[in-house]
Amino acid sequence: MKQTMKTLVGSRWTWMMLCVVMAWNAVTVSAAPPAPPSDIQVKDYPLDDGTAVKVIFKRSPDDTGAEETNFTGYSIRTSSEVNGFFKEALEVKKAADATEAAEVVDARVTGLKEGEPVFVRVYAVGADDETSTPIQTAESITPVMAWFDFHQIRLLILVIVICSAVILFIELARRGYPMTVRKVAGLEAIDEAVGRATEMGKKNLFIPGVQDINDIQTVAGINILARISRTVADFDSEIEVPTCRSLVMTAASETIEGAFLAAGRPDAFDPKSIYYVTDEQFGYVAYVTGWMVREKPAACFYFGAFFAESLILAETGNSVGAIQIAGTAQPSQLPFFVAACDYTLIGEEMFAASAYLSGAPEELGSLKGQDMGKVVAAACILFGCFLAFISPDLMKLIFEETAL
Amino acid sequence: MSHNQSSHSHITHKALDLDKINVILATDCGSTTTKAILIEKIDGHYRQTHRGEAPTTVEKPVADVTVGVTNAVTEVGELAGRKFVDDNGEIIRPANGNVGCDIYISTSSAGGGLQMLVAGVVKEMSAASATRAALGAGAIVMETLSSNDKRKPYEQIQRIRELRPDMILLAGGTDGGTKKHVVGLAEIIAPAKPLPRFGSEYRMPVIYAGNKEAAELVQDVFKDEVELKIVENVRPVMESEYLSPARDSIHDLFLEHVMAHAPGYDKLISWADAPIMPTPGAVGDILKMIADRDQINAVGVDIGGATTDVFSVFDGVFNRTVSANLGMSYSISNVCTEATMAKVLRWVHFDMDERELRNRVKNKMIRPTTIPQTREALVFEQAVSREALRLAYQQHKEFATTLKGVQQQRTVGDVFSQQTGGNTIVNNMTLNLLVASGGVLSHAPNMNQTSMMLIDAFEPEGFTTLAKDSIFMMPHLGVLASVHPQAALEVFEKDCLIYLGTCVAVKGLTKLGEVAMRYTVRGKGLDLNGSMNGGELKLIPLWEGETATVLVEPTGRLDVGAGPGRPLEKEVRGGTTGLIFDARSRPLLLPDDRLQGQKMIKQWVETMELYPN
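Residues numbered from 1 in each chain as written. Chains lettered and ligands numbered in written order. Predicted model: local features only at pLDDT ≥ 70, side-chain atom pairs only at ≥ 80, totals over all residues. Heavy atoms only, no water.

1. As for the interface of chain A and chain B
Next, step 1: With 27 residues of chain A at the contact, the number on the chain B side is 32 residues.
Next, step 2: Across the interface of chain A and chain B, roughly 2300 Å² is buried in total on both sides, 51% from carbon and sulfur atoms.
Next, step 3: Seen at the junction of chain A and chain B, the total is 3 salt bridges.
Next, step 4: Here Lys180(B) and Asp236(A) are joined by a salt bridge, their closest N and O atoms 3.6 Å apart.
Next, step 5: Looking at the side of chain A that touches chain B, the elements with two or more residues in it are helix 5 (185–188), helix 6 (190–200), helix 7 (216–235), helix 11 (334–340) and strand 13 (343–346) of chain A.
Next, step 6: Among the elements that take part in the side of chain A that touches chain B, helix 6 of chain A stands out by supplying 7 residues, more than any other. (Contact = heavy atoms within 4.5 Å. Buried area = accessible area lost by both parts, 1.4 Å probe. Salt bridge = Lys/Arg side-chain N within 4 Å of Asp/Glu carboxyl O. Helix = DSSP H or I, 4+ residues; strand = E, 2+ residues; numbered from the N terminus.)

2. Remarks on the sheet that holds strand 2 (residues 53–58) of chain A
Residues and elements named next belong to chain A.
Next, step 1: Sheet architecture is open: 3 strands sit in the order 1-2-5, paired in antiparallel fashion. Each having just a single partner strand, strand 1 (38–44) and strand 5 (105–109) make up the two edges of the open sheet. On average, each strand axis in the sheet is inclined to that of its neighbour by 20°, with strand direction left out of account.
Next, step 2: Pairing between strand 1 and strand 2: 5 bridges, direction antiparallel. Bridge pairing links Lys 43 to Lys 54 in strand 2. (Pairing = 2+ DSSP bridges. Axes fitted to C-alpha atoms, helices over the stretch in contact; angles between N-to-C directions.)

3. Describing the packing of helix 9 (residues 281–295) of chain A against helix 10 (residues 309–319) of chain A
All names here are of chain A.
Next, step 1: Where helix 9 meets helix 10, the axes come as close as 10 Å, and the angle between the chain directions of the two elements is 5°. As far as their axial angle goes, helix 10 and helix 9 are roughly parallel. Across the interface between the two elements, Gln 281, Phe 282, Val 285, Val 288, Thr 289, Met 292 and Val 293 of helix 9 pack against Glu 309, Ile 312, Leu 313, Thr 316 and Gly 317 of helix 10.
Next, step 2: Considered class by class, the residues forming the contact of helix 9 with helix 10 number 7 nonpolar, 4 polar and 1 charged. (Parallel < 35°, antiparallel > 145°, perpendicular 65-115°, else oblique. Nonpolar A, V, L, I, M, F, W, Y, C, P; charged D, E, K, R; others polar.)

4. Overview of the sheet that holds strand 5 (residues 114–120) of chain B
Residue and element names in this part refer to chain B.
Next, step 1: Strands sit in the order 6-5-7-8-9 across an open sheet of 5 strands; the sheet is parallel. Two strands lie at the open edges of the sheet, namely strand 6 (139–146) and strand 9 (227–230), each paired on one side alone. Taking the axes of each pair of neighbouring strands and ignoring which way they run, one obtains an average angle of 20° across the sheet.
Next, step 2: Of the pairings in the sheet, the one linking strand 5 to strand 7 (residues 167–170) comprises 4 bridges and is parallel in character. Bridging across to strand 7, Met 116 finds its partner in Met 167.
Next, step 3: Across the face of the sheet, helix 2 (residues 126–136) comes into contact with strand 5, strand 6 and strand 7 while running at roughly 165° to strand 6.
Next, step 4: In the packing of helix 5 (residues 215–222) onto the sheet, contacts are made with strand 7, strand 8 (205–208) and strand 9, and the angle to strand 9 comes to roughly 175°.

5. Overview of the pairing of strand 11 (residues 299–303) of chain A
All names here are of chain A.
Next, step 1: The buried fraction of strand 11 is high, at 5 of 5 residues.
Next, step 2: A two-sided burial pattern is seen for strand 11, the buried positions comprising Ala 299, Phe 301 and Phe 303 on one face and Cys 300 and Tyr 302 on the other.
Next, step 3: Examined bridge by bridge, strand 8 (residues 204–207) and strand 11 share 4 bridges and lie parallel to one another. Bridging from a neighbouring strand, Asn 204 pairs with Ala 299 of strand 11.
Next, step 4: With 5 bridges connecting them, strand 11 and strand 12 (residues 323–328) associate as parallel partners. When the bridges of strand 12 are listed, Cys 300 appears paired with Gln 324.
Next, step 5: As for the winding sense of the linkage, the β-α-β connection from strand 11 through helix 10 to strand 12 is right-handed. (Buried < 20%, exposed > 50% of the residue type's maximum accessible area, 1.4 Å probe, protein only. Right-handed = clockwise from strand over helix to strand, strands pointing away.)

6. Some words on unusual backbone geometry
Residue and element names in this part refer to chain B.
Next, step 1: The omega angle of the peptide bond from Arg 93 to Pro 94 is -5°, so this bond is cis rather than trans.
Next, step 2: Note that Pro 94 resides in the loop between helix 1 (65–80) and strand 4 (103–108).
Next, step 3: With an omega dihedral of 0°, the bond running from Arg 586 to Pro 587 counts as a cis peptide bond.
Next, step 4: Looking at the secondary structure, you find Pro 587 in the loop between strand 22 (578–582) and helix 17 (594–607).

7. Focus on the pattern of salt bridges
Residues and elements named next belong to chain B.
Next, step 1: One pass over the full model with this rule turns up 48 salt bridges over all chains.
Next, step 2: The residue Glu 53 makes a salt bridge to Arg 51 at a minimum N-O spacing of 2.8 Å.
Next, step 3: On the basis of relative accessibility, which here comes to 32%, the residue Glu 53 falls in the partly exposed class.
Next, step 4: Of the residues examined, Arg 51 reaches a relative accessible area of 28% and is grouped as partly exposed.
Next, step 5: Among the charged side chains, a salt-bridge network with shared partners connects Glu 143, Asp 149, Arg 151, Arg 159 and Glu 162.

8. As for the side chain of Lys468(B)
Residue and element names in this part refer to chain B.
Next, step 1: For Lys 468, the position within the fold is in strand 15 (residues 462–469).
Next, step 2: Although Lys 468 lies buried, it forms no salt bridge, and the closest oppositely charged side chain, Asp 469, sits 8.8 Å away as judged by the N-O distance.
Next, step 3: The contacts of Lys 468, once residues within four sequence positions are left out, are Ala 436, Leu 441, Ser 442, Met 447, Cys 496, Leu 497, Ile 498 and Leu 500. (Lys, Arg positive; Asp, Glu negative; His and termini not counted.)

9. Quick word on the domain arrangement of chain B
Residues and elements named next belong to chain B.
Next, step 1: When cut into domains, chain B gives domain 1 (18–110), domain 2 (113–271) and domain 3 (308–405 + 420–607).
Next, step 2: Summarising the inter-unit geometry, the C-alpha centres of domain 2 and domain 3 are found 35 Å apart.
Next, step 3: Listed per partner, the contact involves 16 residues of domain 2 and 10 residues of domain 3.
Next, step 4: For the pair domain 2 and domain 3, the summed buried area comes to about 1000 Å², and 62% of that belongs to carbon and sulfur atoms.
Next, step 5: Per-residue buried area on domain 2 facing domain 3 is highest for Glu 124, Arg 132 and Leu 135; these three make up 46% of the total on that side.
Next, step 6: The interface formed by domain 2 and domain 3 includes 4 residue pairs in polar contact (both at pLDDT 80 or more).
Next, step 7: Element by element, the count of residues in the side of domain 2 that touches domain 3 is highest for helix 2, at 5 residues.
Next, step 8: For the side of domain 2 that touches domain 3, the per-class residue count stands at 6 nonpolar, 4 polar and 6 charged. (Domains from an automatic or database assignment. Polar contact = N/O pair within 3.5 Å; in protein donor to acceptor, adjacent residues only side chain to side chain.)

10. Examining the domain arrangement of chain A
Next, step 1: For chain A, the domain assignment lists domain 1 (38–146), domain 2 (151–178 + 362–401) and domain 3 (185–351).
Next, step 2: For domain 1 of chain A and domain 3 of chain A, the distance between their C-alpha centres works out to 64 Å.

11. Description of the nonpolar core
Next, step 1: Formed by 65 residues in total, the largest nonpolar core has its most connected members in Ile228(A), Phe301(A), Phe303(A), Ile325(A), Leu170(B) and Phe222(B).
Next, step 2: Apart from residues lying up to four places away in sequence, Phe222(B) is in contact with Leu170(B), Ala186(B), Ile189(B), Ala190(B), Val206(B) and Leu228(B).
Next, step 3: Among the nonpolar cores identified, the runner-up in size contains 61 residues, and Met328(B), Phe350(B), Leu441(B) and Ile580(B) belong to it. (Core = buried A, V, L, I, M, F, W, Y, C linked by side-chain atoms within 4.5 Å.)

12. Description of the pairing of strand 2 of chain A
Next, step 1: Pairing of strand 2 of chain A with strand 5 of chain A, which is carried by 5 bridges, proceeds in the antiparallel orientation. Counted as the bridge partner of Lys54(A) is Arg108(A) from strand 5 of chain A.

13. Looking at the packing of helix 3 (residues 153–162) of chain B against helix 4 (residues 180–192) of chain B
All names here are of chain B.
Next, step 1: Running from N to C, helix 3 and helix 4 point in directions that differ by 45°, and their axes come no closer than 9 Å. Between helix 3 and helix 4, the interaxial angle falls into the category oblique. Judged by the sense of rotation from one axis to the other, the crossing of helix 3 with helix 4 is right-handed. Along its contact with helix 3, which presents Pro 153, Gln 156, Ile 157, Ile 160 and Arg 161, the element helix 4 presents Ile 188, Ile 189, Pro 191 and Ala 192.
Next, step 2: Taken together, the residues of the contact of helix 3 with helix 4 sort by class into 7 nonpolar, 1 polar and 1 charged. (Left-handed = near helix turned anticlockwise from the far one by under 90°.)

14. Focus on the confidence of the model for chain A
Next, step 1: Per-residue confidence for chain A gives a mean pLDDT of 87; residues scoring 70 or more make up 91%.
Next, step 2: Taken as a whole, residues 1–10 of chain A scores under 50 in pLDDT and shows 2 contacts with residues more than four places along the chain or in a different chain. (pLDDT = per-residue confidence, 0-100.)

15. Observations regarding a negative patch on the surface
Next, step 1: There is a patch of like negative charges on the surface, built from Glu88(A), Glu91(A), Asp128(A), Asp129(A) and Glu130(A).
Next, step 2: In this structure, Asp129(A) sits in the loop between strand 6 (119–125) and strand 7 (135–136). (Patch = residues over 30% accessible without salt bridge, like charges linked within 9 Å, V, L, I, M, F, W, Y side chains within 5 Å. Areas by Shrake-Rupley, 256 points an atom, 1.4 Å probe, with all protein chains shown as cover. Charge placed at Lys NZ, Arg CZ, Asp CG, Glu CD.)

16. Thoughts on the environment of Leu79(B)
All names here are of chain B.
Next, step 1: Positionally, Leu 79 belongs in helix 1.
Next, step 2: Sequence separation of Leu 79 and Ile 250 is 171 residues, and the distance between their C-alpha atoms is 36 Å.
Next, step 3: Setting aside chain neighbours within four positions, we find Leu 79 in contact with His 50 and Arg 51.

17. What about the packing of aromatic side chains?
Next, step 1: Here the structure, examined in full by the defined rule, presents 12 aromatic pairs over all chains.
Next, step 2: Geometrically, the ring pair formed by Tyr302(A) and Phe306(A) is edge-to-face, given 6.3 Å between the ring centres and 90° between the ring planes. Phe306(A) matches Tyr302(A) in its accessibility class, with the two residues each being buried.
Next, step 3: Joined through ring pairs, the aromatic side chains of Phe57(A), Phe71(A) and Tyr74(A) make up one cluster.
Next, step 4: Positioned over the ring face of Tyr45(A) is Arg108(A), at 4.8 Å from the centre of the ring.
Next, step 5: In this arrangement the basic side chain of Arg584(B) is found over the ring face of Trp604(B), its NZ or CZ atom lying 4.4 Å from the centre. (Phe/Tyr/Trp six-rings, centres within 6.5 Å; stacked < 30°, edge-to-face > 60°. Lys NZ or Arg CZ within 6 Å of the ring centre and 35° of its normal.)

Here it is in C-alpha cells:
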C-alpha cells in the first residue's frame, strides 16, 4: 500500500491529473449562477389593448453596472399555469452604469392574450446562459383592455387632423371661399363625347365594369353614369348600358331614370337600353364588342373595375371611331385605357368625380379636407425618411419610446 | 381644321379687264358716315390718293343710301379734280381723262349691318361652326339656338319672334348623322314665322347647311314659308368644318334679299362692279389674304362706338368675333360695368374722382360723338379702351378654338397631360402682326398712345409688329381684293397700314429689379446693347422704313419665342413709335395698391412719352 502511494505521488502523470482537477474546480466555482432579482410586482399595463403587463423588480446584486462582469441581464418568462412551462416573453439588458443599477427595472411584457390570467417569472442570466433561481408572484395577473389604447394615439391625432380639415373646408366652402379643383380632362370631355354622339346620330355606350355593386369602383362608376345620363337627356341623345351583374343593372337603371327625370325628360328614358348580359367575363365582353362593331357608338364610357377585358373593349371602341372616356382604380389596366382611350381618369380622380361634377360646397370641402389628410400623410412619410436617414436612434426615440 | 375659307360670292363680278383699271373708286357705307376713297395707278403702282366722307342717308328723311354715296364721292372728286357723278346722279365709267372711274366697289354696314339668327344641334359643335360661318361673312349673330341650350321649345319660339334677323342659318348633324335634331330645329323656326327686318313683303331667307340627308325633311317642314337655300354642310364630319359655301350663300342672300330691300340699295347694287360685301366680311378677307400671302399670324381689331370686332388668322385659320357690348360710346357704360371701374382706373397714372368719371361715362353714352377735350378725359378714354380691347380679345380667344367632338389619339406618355378639345388657337407668341383700327386707336393724338393701348390690351409676346389702319381703308381693300387682288395688296402695303413699330416682350413672370432680358440692336446708325429689369419698358427710336437686327437673351424661364431662356435674333421693322422692349410680366400684372400702381404706370407713361406736356 505504502509502495502504491509512493508510486502514485511520485508519478508525473499523477501531478498533471491533480492540476487539471484543481483547475476544473476553480472554473466551476467562478461560473456560479447570478443572484436572483427581488421584490417583483406585476401589474396590468394601463391604457392598452389588454395584451401587456407591467413587471417591476429590484435588480440582482450582480447587476452593478460594471462592464466586466459575468452578469448579462434578465429573462422575463410567462405561463398560464403556476407550475407550467414558462416561455420567454422579454429580455432585459443589464444596467449600463452604476446610476441605472441603482434603479428598479420597469418592463412592459407584451404579446399576452387579453383576459387570460398569466404568471410571470424573472430570472437573472449569467454569462453562459446560467440562470438564477426565479422570482415569481404568488398570484396570477389578468391583462385587461382599457377604454382607450394610448399606443394608438397617433391614429387619433391623424383622425383629428383629417376630420378637422374636412370640417374646416366644408365650412369655408359654405361661406363662399373658392374651392379650386384641378381640371379633370376626362370629366370635362363628357359633354364633348355626348355631343359627338348627338351630332352623328349614334348611341352612347356605358360599361360599369365587370364587378358587382359591392365594389367601390362600380359605385363610383354609377355615380358618373348619373352625370352622363343627365347630359344625354339634355342633348336628347341615347344611351346603352349592358351590364355584367344583375344588381348593377338595377342600380344603373334607377340612376338613368332619375337623371332623365331631373333633366325634365322622363318620356325619353328607355328602360330597355339598360340590360343584364351575363356574369361570364368574356361572354359579356364578346357581346359588348359585337354590339360596338354593329352599332358603332360615337361615345364609349368605361367606369368601374376592369381586368383583362379593358384593352379588348377600348381597342374595339377606338376602331369604330368613338370618343372614349375611361376610369378605373386598377393600376394594371390603366396603361391600356390611356393608350386606347381619348381620356382616362386615374384611380382617385374617379372617386373625386362626384364632388367635381356637382360642385356642391360640402363635397368640394370634403375633397379638399381629404387632400389635406393626404398632404399630412405624405409629409409624415417624408419626415420619417429624413429622420431614418440622419438619425435612426432619434427616430426610434420618437416613434417607439413616445408611443407615436 | 377648316377647309379653304376664301369667300367668293356666287353672284358673279362684272367682266373686267384688270390691265385697263387705272382709277378705282370705293365706298364703305357705315351706320353714320359713308367713306369714299380713290385709288389711282401712278407710275405703274396702285396708290390711294384721296378720301371723302359724308353722312349716310339710309334713314329717313332721305331714305336712299346712294345720296350719301354721291355726296362722299363728290367730295373725293373735288379733292382729286375729277368728275365722278354725272348729271343724272350716277357714277361715270370708264375713266376718261379727268372724268369718271374704271371700277366702283362698295361695302355696307349701314342700318346695323347684316344681322343673323344661327341654329345648330350642339351649341359647341355644329352651332359653333355655323356661328363662325356667319361671323366670317361679316354678320352680327343676334342669337344662337341649339338643341342643348336648355330652353324649352316655346321659349325658343318666343325668342325667334322677338328678333327680326335679316336671315337665318340652320346647321346641324354630320352628313349621315342626326336628322331628328335638325328637323326639330326647323320645326321650331317654321312656326315662329320670323319677320325680316327690311321689307315686309318678302320671305325670310334661310340657309340650310346641315346634314345633307336631312335636307329634304327640312324642306318639307319649311314648305314655302321661307326662302330656303340648301348648301353644303358646315360640319360634314366631326373632324373638320367647311364654311365657305355657307359664307358665300350669306353674301348672296345679303345682296339678293337684305340689301335689295334696304332703301336705295337696289340702285347701289346696280352701280357696283363687284358684289357689295358686309364691311366686317371685307375686313376679314383682306386680313386673311395678307396673312396667307406672307405666311404670318395676324390679329386685327376695330373698336367702334357700340361694338368691337376682332379678326384673327392663326396657322391659316380665320376667325372673327363681334363683342356687341364693348365699345367707346354707346357701350362705354357696359365696358365700365363689365371690367369694373377699378380695373379701368388702374391704367390712369394720377388721381381721378370716380364720381366724376361715372358722369363722364354717362355723358359719352348719351352724346356718342363727343371727343375728349382735356388731357384727363383723353387718359380716361384710353384707359377704358384698354379694358374694352382686353375683354374683346378675351372673348375672341374663347371663340377661336380647335374643333370640339374630335377623337383624340393618345400614348401612355399622355397620362398626366390630357387636354380636352376646344382649346384656343390664339397664341400671342406666334402673333406676327397686330393691326388696329377704330376711332380711339386711329385718332389718338400720339402714335405711342396707340401702340401702348395695343400692347396693354393684347399683351403680345415675343416679336410683334404693330400697325394701324390709316383711314379705315381695310373694308374697301377687302372688296377690292375680290376684283383686283394685286391693287388691293399694293395699296394695303403702301397706304393702308401705318406701321407703329415692333414690340419685343418676354413671356413669363418677371421680377421687379431683376434682369429679365439682355438685348443687342444693330441697324442703320444703331449699335445698342443693354439689359432690362422686370417691369420695365424701353423705347428705342427706329423710324418708319427702317429695320434693325435685334438679339434678345431672356433670363431664367422667360421666353421670347425660342424657348425658355433661349436667345432669339430677328429683324424688326420700325414705325412711328419705334422699337419697344417690354419686360413686364405676361400676363401683365399691376399692383393692387392704387398708389403703387399709379407710380408704375407713371413710369411707363414717361418712358413711352405718352402724354408730353
